[in-house]
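# Residue-level structural notes
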Number of protein chains: 2
Amino acid sequence: MKPTAPHAFLTLNPAAGEPYYRQIYGRLRTAVADGLLKPGDRIPSARALAAELGLARGTVESAYSLLAAEGYIESRGQAGTVVAAGLRARHGAGDEPEAAGAPVTVAPYDADAASAADPDAPSGPRPFQMGIPALDAFPRKIWARLAARAVRATRPADMLYPPPAGLATLRAEIARYLQLSRGLCCTPEQVIVTAGYRDSLNLVTRALLKTGDKVWVEDPGYPPTGALLREAGMQLVGVPVDDDGLQVAQGVKLAPRARAAVVTPAHQSPMSVALSLPRRLELLDWAARNKAWIVEDDYDGEYRYVSRPLPALKSLDRDDRVLYAGTFSKVLFPAIRLAYLVVPLSQAARFEETARHFSGGCPALTQAIVAAFMAEGHFARHIQRMRRLYGERRELAAAGLGSVLSDYLQIEPRPGGMHLLLRLRGRRSDRALAEKMRQDGMFSRALSECLLAPRAGQPAMLMLSFTNIDTRRKAQELARRILALLPPA
Amino acid sequence: MKPTAPHAFLTLNPAAGEPYYRQIYGRLRTAVADGLLKPGDRIPSARALAAELGLARGTVESAYSLLAAEGYIESRGQAGTVVAAGLRARHGAGDEPEAAGAPVTVAPYDADAASAADPDAPSGPRPFQMGIPALDAFPRKIWARLAARAVRATRPADMLYPPPAGLATLRAEIARYLQLSRGLCCTPEQVIVTAGYRDSLNLVTRALLKTGDKVWVEDPGYPPTGALLREAGMQLVGVPVDDDGLQVAQGVKLAPRARAAVVTPAHQSPMSVALSLPRRLELLDWAARNKAWIVEDDYDGEYRYVSRPLPALKSLDRDDRVLYAGTFSKVLFPAIRLAYLVVPLSQAARFEETARHFSGGCPALTQAIVAAFMAEGHFARHIQRMRRLYGERRELAAAGLGSVLSDYLQIEPRPGGMHLLLRLRGRRSDRALAEKMRQDGMFSRALSECLLAPRAGQPAMLMLSFTNIDTRRKAQELARRILALLPPA
């Protein structure tokens, strides 16, 4: 055990808009990434650091819990808190050749956007339908008021073709939001407004890739990502996922020269784990060395319940290899068809040009409404409210399902996301049960449906969204419907 | 001269919703297409036919002028009116091998959609900016009322992912409108709502074509069409255009096995001629024989001033080879980002699936507003009002420009569209003048900018939109600005 690391880098700035816990978090993270703090280095206790900096102990603890959740630091009990074992500095000396993978708190849960695109949905989402926010909790009156105001305020100039990369006001609001909530510093010029995640991914393939390029995708992964890339002429390379997320070393083995990787670092879709910090650094290193692109699909990074949301992978991106893909489908509602990309500044002009060629921009009215919703603070408030609500609904759903189905299904602990992950006990087929549930009018996705190719040894799991389950009783009723579909073990 | 053709097929149906002139027009057109009436066959005089059918003479004359405008019939003065010389029945005996091309009344004028996509447009369209409707004449109050109502009426189910092919109500309204106004019979299932012409064209390439496929494009043509197809991996085959539109025989010579042709039959972009009937039939024949696809880009077919709008090429499409591409950019406003395709019924499922994969649908609110605007009759009224207004503005613009610039520019007579076509006298470069005008803050496109490759012998021409020129004085002021840019001849 080395002595306590020097922490001169921990000088905080009281004038910065950033809260202290966030500053501490950021400085420590940078120190690790830069190699100032090395694996095994002890860091001061929260109490000691709080005293030294003249802060409340809780402030430092907030920063530490965030760092622990991301795998930067780990507690060794009486021995204190140290920089996690599997970490290496970026572009560093490589003194720990076997990237061990820090034992990261396994993370969140995801939702599955496109599977939810059911054109025949009747009067609302189907039970357990994934990727759909709590529609009953959306502030529709505020929205209607802003929409009516935006449409009344339309001037002739607003009726022309919208700017291909999005309205300037919306791009600025998105940049501001990402900085505050996702630790992602970018300028409005880097934000490209798109018509949805699919449009974002299309734009990436058209701007940066060419037919036949190899692309890493997570396996299991989000099926529409694979389908889209395949139809855009890419060669898919399925890279396996474990409890630390994408197994970067496997990707390097399978296709070292791939041109891109599409990943879901916050809540891997569908396994709901977070990409650990060592893996994040490995992935960024690989991309930098190979001039490959990383698409970070951050579809629901906001929804984490056991700790604060993880910062985006993009926030670690010093070599400008990451394209951050965000969407309004999950935090507002899917019918809005609005998403965005954050691209390296050096690529902004190329993306704008590609958007001009291929899309011609998104409806100006939609963009104006969202910009107003963000500017007036409704957006941030809505996300905070939803985080609380989803935390509650997750508990209700888990309790209700568990009370009826615990002999058949085990709910996997996950710290975030918009759905539950249920492991089937015994030798049941997750696909068969998912199909039965869909025939019964519910929604369900099986883990085996998210694999690029059938694979032995994969656990049987179901993904069920809890966002629209508002009472324990509803969860129990649905659980009994599932029970009726289960053949005796 | 053969005797007057039998016209038993002219039995009209008083109970049909279709006006008599339209019924006459349709029956005669069908008779020609079926070979019942052959080139050179004399048809009864308008007076004789009116008497026989018990109709006003004007009714028959309306039908005849429409048929003449499309090249089905031609007047031989004292000798009467006959079926035009260049016509052949479809799949017919081919008794006139050299499709001569009837001397069709040269048609309308077009607007140039994407060139208008200027992201830096200041407070309104630039003078002469193409593809932009008269924004001052848009019924903004009605629109705002419908929009506010649509957003208030939003139910949770409307917040889900929209159906990939569009809202059922909007698809039904579009089908109804096309039948009444463009002579195009289709079911709502054939209508695929898209995010704009670019999105429509992308969808076609993804659903029906593959990388390396040869595609005919008009030369000169609409530059974004070529750019889009090229970037989608297609091989462009530029097919020359004359006063009858696309020279189909040249296309057959250059690339008989092309997989598709993209054409602007109503008002060729940019030459503003209509595709003559013989050419239409030739093109359809070629496509049927080769199982090739025809994309009919009907961006402003509604705006014809000297006669009624021509029916769509799609209305002649018996072999299901035509994909009709319409847009709301020109008849409503560009910021709406809404367009549609009408596809053969046999292809509807494939297009819906492709849309599901690649786009995920258009914003539900936009679709709901447009559907209400159409259902309540505002859409049809708006187009009628715009047709009158554009007729007036075209006159104003031509008179104002002519009074200042007649020594330098000659306005070409064209029966429709949203812009004027001006031929430069002397040996001036259209490209140089267009560039100067753009630097001066006006909009202008040169004919030479619409060619796939530089070509000798092409006249020097400018395209200038008149839709936002509301007084003769404004036209004169702009003309003086142009005059100042012209070097002495």
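Look up: the structure comes first, before these words.
Residues numbered from 1 in each chain as written. Chains lettered and ligands numbered in written order. Predicted model: local features only at pLDDT ≥ 70, side-chain atom pairs only at ≥ 80, totals over all residues. Heavy atoms only, no water.

What follows deals with the packing of aromatic side chains. All names here are of chain B. Counting across every chain of the model gives 28 aromatic pairs over all chains. Ring centres of Tyr-197 and Tyr-222 lie 6.1 Å apart, and the angle between their planes is 50°; this geometry places the pair in the tilted category. Taken as a pair, Tyr-197 in helix α6 (residues 197-208) and Tyr-222 in the loop between β5 (214-219) and α7 (223-231) lie far apart in primary sequence, 25 residues in all. Ring centres 3.8 Å apart and planes at 20° place the aromatic pair Trp-216 and Trp-286 in the stacked group. You can see Trp-216 sitting in strand β5 and its partner Trp-286 sitting in helix α9 (residues 277-290), a full 70 residues away along the chain. The exposure class of Trp-216 is buried, given its relative accessible area of 0%. (Phe/Tyr/Trp six-rings, centres within 6.5 Å; stacked < 30°, edge-to-face > 60°. Helix = DSSP H or I, 4+ residues; strand = E, 2+ residues; numbered from the N terminus. Buried < 20%, exposed > 50% of the residue type's maximum accessible area, 1.4 Å probe, protein only.)

This paragraph deals with the sheet that holds strand β14 (residues 445-446) of chain A. Residues and elements named next belong to chain A. With antiparallel pairing, four strands are arranged side by side in an open sheet as β12-β13-β15-β14. Edge positions in the sheet fall to β12 (409-411) and β14, since each has one partner strand and no second. Looking at chain direction, β14 and strand β15 (residues 461-465) are connected through two bridges and run antiparallel. Bridge assignment links Ala-446 to a residue of β15, and that residue is Leu-462. Contacting β12, β13 (419-424) and β15, helix α12 (residues 378-405) crosses the sheet at an angle of about 20° to β13. (Pairing = 2+ DSSP bridges. Contact = heavy atoms within 4.5 Å. Axes fitted to C-alpha atoms, helices over the stretch in contact; angles between N-to-C directions.)

Residues and elements named next belong to chain B. In this model, helix α5 (residues 168-182) (15 residues) spans 20 Å end to end at C-alpha, consistent with the 21 Å of a helix rising 1.5 Å per residue. Buried within α5 are the following residues: Leu-170, Arg-171, Glu-173, Ile-174, Ala-175, Tyr-177, Leu-178 and Arg-182. Gly-183 occupies a position one or two residues after α5 and carries a positive phi of about 60°. (Expected span 1.5 Å × (residues − 1).)

Take the relation of the copies chain A and chain B next. Superposing chain A onto chain B takes a rotation of 180° combined with a translation of 0.0 Å along the rotation axis, leaving an RMSD of 0.1 Å. The operation mapping one copy onto its partner corresponds to a two-fold rotation axis. The position closest to the rotation axis in chain A is occupied by the C-alpha of A:Ala148, lying 2.5 Å away. Same-surface contact between copies: 100% of interface residues of chain A are shared with the interface of chain B. (Least-squares fit on C-alpha atoms with pLDDT ≥ 70 in both.)

Overall, the coordinates contain 31 salt bridges over all chains when judged by the stated rule. For A:Glu353, the salt bridge identified is with A:Arg356, shortest N-O distance 3.3 Å. Placement of both A:Glu353 and A:Arg356 in helix α10 (residues 348-358) is noted, with a separation of three residues, approximately one turn of the helix. What makes A:Glu353 partly exposed here is its relative accessible area of 36%. Across the pair A:Arg473 and A:Glu477 runs a salt bridge whose closest N-O atoms are separated by 3.5 Å. Taken together, the residues span about one helical turn, with A:Arg473 and A:Glu477 both in helix α14 (residues 472-485) at a distance of four residues. It is possible to trace a salt-bridge network through shared partners that takes in B:Glu412, B:Arg414 and B:Arg423. (Salt bridge = Lys/Arg side-chain N within 4 Å of Asp/Glu carboxyl O.)

The topology assignment puts B:Ser329 in the loop between β10 (322-327) and β11 (339-342). Not counting the four nearest positions on each side in its chain, B:Ser329 is found in contact with A:Tyr161, B:Pro133, B:Pro334, B:Arg337 and B:Leu338.

The next thing to look at is empty space enclosed by the protein. Applying the stated criterion across every chain yields a total of ten cavities of 30 Å³ or more. The computed volume of the largest cavity comes to approximately 420 Å³. In this structure, the largest cavity is lined by 26 residues; those nearest its centre are A:Ala195, A:Asp199, A:Ser359, B:Ala195 and B:Asp199. For the lining of the largest cavity, the elements supplying multiple residues, two or more each, are β4 (191-194), α6 (197-208) and α10 of chain A together with α6 of chain B. Here the lining of the largest cavity is composed, by residue class, of 13 nonpolar, seven polar and six charged. (1 Å grid on protein atoms, 1.4 Å probe; cavity = no way out; pocket = protein on both sides within 12 Å on 5 of 7 lines; lining within 4 Å. Points joined across faces, edges and corners; volume = space filled by probe spheres on them. Nonpolar A, V, L, I, M, F, W, Y, C, P; charged D, E, K, R; others polar.)

No statement about biological role is implied by the geometric values presented.
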